[in-house]
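Results of the structural survey
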Amino acid sequence: MAAVSISLLCVLAAVQAPAASKPAAAAWPKLDGNRMKEFGLALDSLKRTLTPEGVEEMATKVASFGKGGVPLLYESLSRQKSVPEEDEPEDVKRVKRALDRIVTKEDVPRLSGDVVHKSAFVRRFALRKLAEYQDPGALAAARKALTDHDEEARFEATLTCFALGSIDGMPVMIEAARDRWPKVGVRIRAALEKHRSDEATDRLLPLLSSKEWQEVCAGLRLLAGIGTKKSIFAVSKHLDSTDNRIKENAINALRGIVDNEKPIEKLSAFDLAEQANAWKKKL
């Protein structure tokens, strides 16, 4: 009987013991009851105010409650139906404005846990901040989010991976560079800037041989930020393109690869010809 009791105790202890391989995600602090009521009034005012000045004032007021307000702001976002970023309701934009004032780089462990939050808006926000803070410890969380069912969250996860020096999510990045460049090109370029690599270059070079101008432009746009000098020859061949969209992106790719310069947008046909000739002489 004693032996059975000891065995039973061992089993119970094993069941009750926390799993060492799965540590709990860092939790946000919580407001106490009185502060929660005050916070609710401030959040309601943030959503109802009618002027830009009022939005700024109330976003600052909401942020003054500190990190304990984050779970309540997340809950507010959770009540909103997921939509593409360009269609975000005004309430979502205002809540995110308050969150931006609260969250700091020291919150990376918390944000890493938030990439699996029930709200797509929260997941997108967390991933966007992780890309901004560029903490290497966030890479595992970003990689996990690459399979998110929300398209915008997958894109944010890809940006975070690239910002941290990984090219995981390359197909998503190529798709965004091809189809969404006017809206997200600046953010893509910012994520690519610090991590040029031959590995990324080799993945992108085949796009430059595509018969589809969109594919060629996507490859050139990404090479501008992440390509190495081994791509110069393949890029320079497009300086003679009769498609001004391709020629402009080839010029900008060379500006990034050779001189680490930002792109020049909306060049005229005359400027394109001059720039292309200048690059041919330079190379």
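Structure first, text after, so check above.
Before going into details, it helps to say that this report is about the structure given with it. Computed from a prediction, not measured in an experiment: that's the story for all the values here.

Reading the values: the criteria
Residues numbered from 1 in each chain as written. Predicted model: local features only at pLDDT ≥ 70, side-chain atom pairs only at ≥ 80, totals over all residues. Heavy atoms only, no water. Helix = DSSP H or I, 4+ residues; strand = E, 2+ residues; numbered from the N terminus. Rg over C-alpha atoms; globule rule 2.2 N^0.38 Å. Buried < 20%, exposed > 50% of the residue type's maximum accessible area, 1.4 Å probe, protein only. Contact = heavy atoms within 4.5 Å. Areas by Shrake-Rupley, 256 points an atom, 1.4 Å probe, with all protein chains shown as cover. Lys, Arg positive; Asp, Glu negative; His and termini not counted. Charge placed at Lys NZ, Arg CZ, Asp CG, Glu CD. Salt bridge = Lys/Arg side-chain N within 4 Å of Asp/Glu carboxyl O. Axes fitted to C-alpha atoms, helices over the stretch in contact; angles between N-to-C directions. Parallel < 35°, antiparallel > 145°, perpendicular 65-115°, else oblique. Left-handed = near helix turned anticlockwise from the far one by under 90°. Nonpolar A, V, L, I, M, F, W, Y, C, P; charged D, E, K, R; others polar. Expected span 1.5 Å × (residues − 1). Arc of directions from axis to C-beta. Polar contact = N/O pair within 3.5 Å; in protein donor to acceptor, adjacent residues only side chain to side chain. Phe/Tyr/Trp six-rings, centres within 6.5 Å; stacked < 30°, edge-to-face > 60°.

1. Focus: the overall build of the chain
The secondary structure content of the chain amounts to 16 helices and 0 strands. Against the compact-globule benchmark of 19 Å for 283 residues, the chain has a radius of gyration of 24 Å, which places it well outside the compact range. A buried classification covers 47% of the 283 residues belonging to the chain. Considering only contacts within the chain whose residues lie at least 6 apart along the sequence, 67% involve residues at least 24 apart. Carbon and sulfur atoms make up 55% of the accessible area of the chain, which totals about 15300 Å². Mean positive and mean negative side-chain charge positions of the chain (46 and 41 charges, respectively) differ by 2 Å.

2. Considering the environment of Ala 190
Of note, Ala 190 is situated in helix H11 (residues 181-192). Residue classification places Ala 190 among the partly exposed residues on the basis of a relative accessible area of 47%. Put simply, Ala 190 and Ala 131 are 59 residues apart on the chain and 9.8 Å apart in space, counted from C-alpha to C-alpha.

3. Comments concerning the pattern of salt bridges
Using the criterion set out here, one finds 27 salt bridges in the structure. Each of the salt bridges in this network shares a partner with another, and the network as a whole consists of Lys 67, Glu 106, Asp 107 and Arg 110.

4. Describing the packing of helix H2 (residues 33-48) against helix H4 (residues 70-78)
Each pair of packed helices can be summarised by the angle the axes make with each other and by the distance between the axes. In contact at an axis separation of 11 Å, H2 and H4 are set at 45° when each is read in the N-to-C sense. Taken together, the axis directions place H2 and H4 in an arrangement best described as oblique. H2 and H4 meet at a crossing whose hand is right-handed. Along the contact surface, H2 presents Met 36, Phe 39, Leu 43 and Lys 47, while H4 presents Leu 72, Leu 73 and Ser 76. A class-by-class count of the residues in the contact of H2 with H4 yields 5 nonpolar, 1 polar and 1 charged.

5. What about helix H3 (residues 52-63)?
Spanning 12 residues, H3 covers 17 Å between terminal C-alpha atoms, matching the ideal 16 Å at 1.5 Å per step. Among the residues of H3, those classed as buried are Gly 54, Val 55, Met 58, Ala 59, Val 62 and Ala 63. For H3, the angular spread of buried residues about the axis comes to 160°, placing them on one side. Among the exposed residues of H3, those pointing more than 90 degrees away from its buried face are Glu 53 and Glu 57. Summarising the contacts, the buried residues of H3 are in contact with H2, H4 and helix H5 (90-102).

6. Considering the packing of helix H15 (residues 244-259) against helix H16 (residues 269-282)
As a packed pair, H15 and H16 sit with axes 10 Å apart at the nearest point and diverge in direction by 45°. Relative to H16, the element H15 is oriented oblique. Here H15 and H16 pass one another in a crossing that is left-handed. Within the contact between the two elements, H15 uses Asn 244, Lys 247, Glu 248, Ile 251, Leu 254, Arg 255, Val 258 and Asp 259 and H16 uses Ala 269, Leu 272, Gln 275, Ala 276, Trp 279 and Lys 282. In terms of residue class, the contact of H15 with H16 is made up of 7 nonpolar, 2 polar and 5 charged.

7. Considering the environment of Ser 241
Within the fold, Ser 241 resides in the loop between helix H14 (232-236) and H15. On the basis of relative accessibility, which here comes to 16%, the residue Ser 241 falls in the buried class. For the pair formed by Ser 241 and Lys 61, sequence separation is 180 residues and the distance between their alpha carbons is 55 Å. In this structure Ser 241 touches Ile 246 and Lys 247, once residues within four positions along its chain are discounted. Here the side chain of Ser 241 touches Asp 243 through a polar contact of 3.0 Å, landing on its backbone nitrogen.

8. Here's the deal with the packing of aromatic side chains
Scanning the model with the defined rule gives 2 aromatic pairs in all. With a centroid separation of 6.3 Å and an interplanar angle of 85°, the aromatic rings of Trp 28 and Tyr 74 are classed as edge-to-face. Placement of the pair is Trp 28 in the loop between helix H1 (2-16) and H2 and Tyr 74 in helix H4, with a sequence separation of 46 residues. We note that Trp 28, like Tyr 74, is buried. Each ring, one from Phe 39 and one from Phe 65, has its centre 5.3 Å from the other, and the planes form 90°; the classification is edge-to-face. Taken as a pair, Phe 39 in helix H2 and Phe 65 in the loop between H3 and H4 lie far apart in primary sequence, 26 residues in all.

The values are spatial; any link to function lies outside them.
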